[in-house]
Amino acid sequence: MQVGIVGLPNVGKSTLFNALTKAGVKVDNYPFCTTDHHVGMAEMDDKRLDHIFEIGESAKKTPAVVRFVDIAGLVKGASRGEGLGNKFLHHIREVDSILHVVRCFEDTQVTHVDGTIDPIRDVQTIETELLLADLQTVEKRKEKVKRQAKSGDKEFQEELVILEKIENSLNDTQPVRELEFSATEREIAGQYFFLTSKKILYMANIDEDSLAAGGNRFTKELEEYAASQGSSVIHVCAKLESELAELAPEEAQEFSSDMGLTESSLKKVVQESYELLNLITFFTFNPNEVRATPIVRGTTASQAAGKIHTDMERGFIKAEVVPFEIFRQAGGWSHARDQGLLQSEGRDYVVQDGDIIFYRFHV
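Bear in mind that the values here come from a model prediction, so they are computed numbers and not experimental data.

1. Thoughts on the overall build of the protein chain
Working step 1: Looking only at helices and strands, one finds 15 helices and 12 strands in the protein chain.
Working step 2: A principal-axis box enclosing the C-alpha atoms of the protein chain has dimensions of 70 × 65 × 30 Å.
Working step 3: Looking at the protein chain as a whole, 48% of its 363 residues qualify as buried.
Working step 4: Contacts in the protein chain between residues far apart in sequence, at least 24 positions, make up 68% of those at least 6 positions apart.
Working step 5: Across the protein chain, the mean location of the 41 positive side-chain charges is 6 Å away from that of the 59 negative side-chain charges.

2. Quick word on the pattern of salt bridges
Working step 1: Using the criterion set out here, one finds 18 salt bridges in the structure.
Working step 2: For Asp122, the salt bridge is made with Arg121, and the minimal N-O distance between the two is 3.0 Å.
Working step 3: Note on Asp122: relative accessible area 4%, which makes it buried.
Working step 4: What makes Arg121 partly exposed here is its relative accessible area of 24%.

3. Considering the packing of aromatic side chains
Working step 1: With the rule as written, the count across this model stands at 6 aromatic pairs.
Working step 2: Look at Tyr192 and Phe194: their rings are 5.7 Å apart centre to centre, the planes differ by 50°, and that puts the pair in the tilted class.
Working step 3: Judged by relative accessible area, Phe194 falls into the buried class, the value being 1%.
Working step 4: Judged by centre distance (6.3 Å) and plane angle (75°), the rings of Tyr202 and Tyr225 are edge-to-face. Residue Tyr202 is located in strand 6 (residues 200-205), and its partner Tyr225 is located in helix 8 (residues 217-228); the two are separated by 23 residues in the primary sequence.

4. Thoughts on the confidence of the model for the protein chain
Working step 1: Per-residue pLDDT for the protein chain averages 88, and the proportion of residues at 70 or more is 91%.
Working step 2: Contacts from residues 29-34, a stretch scored under 50 in pLDDT, to residues over four places away or in other chains number 22 contacts.

5. So, the nonpolar core
Working step 1: Among the nonpolar cores identified, the biggest contains 73 residues, and Leu16, Leu20, Phe68, Ile92, Leu99, Tyr202 and Ile356 are the most heavily contacted of them.
Working step 2: Excluding residues that lie within four positions of it along the chain, Ile356 makes contacts with Ile52, Phe283, Phe285, Glu320, Val321, Val322, Phe324, Phe327 and Trp333.
Working step 3: Within the second largest apolar cluster, 18 residues are counted, among which are Phe156, Ile166, Leu170 and Phe181.

6. What about the sheet that holds strand 5 (residues 97-103)?
Working step 1: The sheet built from 6 strands is open, its strands ordered 2-4-1-5-6-7 with mixed pairing. Both outer strands of the open sheet, strand 2 (38-43) and strand 7 (233-236), are each paired with one neighbouring strand and no more. When strand polarity is set aside, the average angle formed by the axes of neighbouring strands in this sheet is 30°.
Working step 2: Where helix 4 (residues 119-150) meets the sheet, its contacts fall on strand 5 and strand 6, and the angle it forms with strand 5 comes to roughly 145°.
Working step 3: Docked against the sheet, helix 11 (residues 265-276) engages strand 1 (2-6), strand 2, strand 4 (65-70), strand 5, strand 6 and strand 7, running at close to 155° with respect to strand 7.

7. Brief notes about helix 9 (residues 238-245)
Working step 1: Within the span of helix 9, buried status applies to Ala238, Leu240, Glu241, Ser242 and Leu244.
Working step 2: Residues of helix 9 that are buried sit in contact with helix 1 (13-21), strand 6, helix 7 (208-213), strand 7, helix 10 (249-258) and helix 11.

So, how was this worked out
Residues numbered from 1 in each chain as written. Predicted model: local features only at pLDDT ≥ 70, side-chain atom pairs only at ≥ 80, totals over all residues. Heavy atoms only, no water. Helix = DSSP H or I, 4+ residues; strand = E, 2+ residues; numbered from the N terminus. Buried < 20%, exposed > 50% of the residue type's maximum accessible area, 1.4 Å probe, protein only. Contact = heavy atoms within 4.5 Å. Lys, Arg positive; Asp, Glu negative; His and termini not counted. Charge placed at Lys NZ, Arg CZ, Asp CG, Glu CD. Salt bridge = Lys/Arg side-chain N within 4 Å of Asp/Glu carboxyl O. Phe/Tyr/Trp six-rings, centres within 6.5 Å; stacked < 30°, edge-to-face > 60°. pLDDT = per-residue confidence, 0-100. Core = buried A, V, L, I, M, F, W, Y, C linked by side-chain atoms within 4.5 Å. Pairing = 2+ DSSP bridges. Axes fitted to C-alpha atoms, helices over the stretch in contact; angles between N-to-C directions.

This is the structure we're talking about:
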């Protein structure tokens with residue numbers, strides 16, 4: 001599962017990516033500094049993992065991570081290939097959700113591709129290109145499906161109805177994610193990886209003064225727009241976060257305290273991105289390691305075992321489960337077991353967020 005970082009050129013995407021993943025991607029003050037996509041990991045800050053580690057006496061702890069993809073900037077006309085648009089749109093098609101970085105700060109030293117700061121115009125430029133790209137996908141597929149549907153093939157006839165439904169929506173500037181689908185329709189539509197089907201989280205890239213003030217006039221405009229789209233906005237000063245990421249933890253904490261910042265904005269970006277992907281966390285532990293593993297909500301116990309090791313899924317016998325809160329209140333796994341608080345679950349048990357699981361399996 002991946003979150004794609006998108007936006008116009010030169011709005012701070014790579015700066016944010018570096019701060020999140022410490023990837024060290026080159027950043028310069030000109031459009032299209034990034035000409036290819038980069039992939040990196042950001043760790044989830046989960047206090048539950050820390051607590052299990054302290055009680056469980058494992059040798060190490062492994063946090064859950066979110067995979068981010070830094071995608072080069074899109075421009076008006078990207079759906080027609082402008083600015084290597086076809087290549088960049090392909091990268092967006094491969095991710096599962098979108099973190100849209102929007103410039104909400106003024107700085108004459110940092111160029112803007114359109115010359116002025118206008119977050120709504122910038123957002124709509126990107127979203128229009130995604131709509132147009134999806135329309136091209138529909139139109140291309142429709143020609144083939146129409147011919148097959150005329151032969152009386154019911155499957156193609158059903159697909160044609162769905163494609164026309166999507167086409168009408170896109171022509172009305174309504175993204176695919178806002179459409180209501182039956183389970184069958186969703187499965188058919190899903191095979192095309194429509195760009196506008198992906199959930200979006202907006203990140204307002206602001207200056208340090210605006211961060212301290214809780215925003216500015218640009219962020220207010222963006223928040224109103226995002227609310228109308230059923231999305232939300234996170235305020236981040238990408239430049240500041242990038243500088244903090246280069247410091248030792250103690251120095252970063254001291255610097256943040258001096259600025260009156262109680263917590264890094266990046267933690268919220270990672271947490272919100274995690275939720276955007278519809279992920280939850282379950283935990284496993286042994287004397288060597290306590291591990292937090294992300295899974296899509298609705299994953300079964302046997303499927304979750306496969307995220308640890310394929311042998312565990314193939315040889316699944318049962319899962320011994322205790323929810324984190326019960327684990328914490330009991331004082332650890334052995335105490336929970338002694339008090340009869342462990343649940344013995346089969347392969348079809350749906351794992352819940354915070355479950356601590358000990359798998360029994362044979363190789």
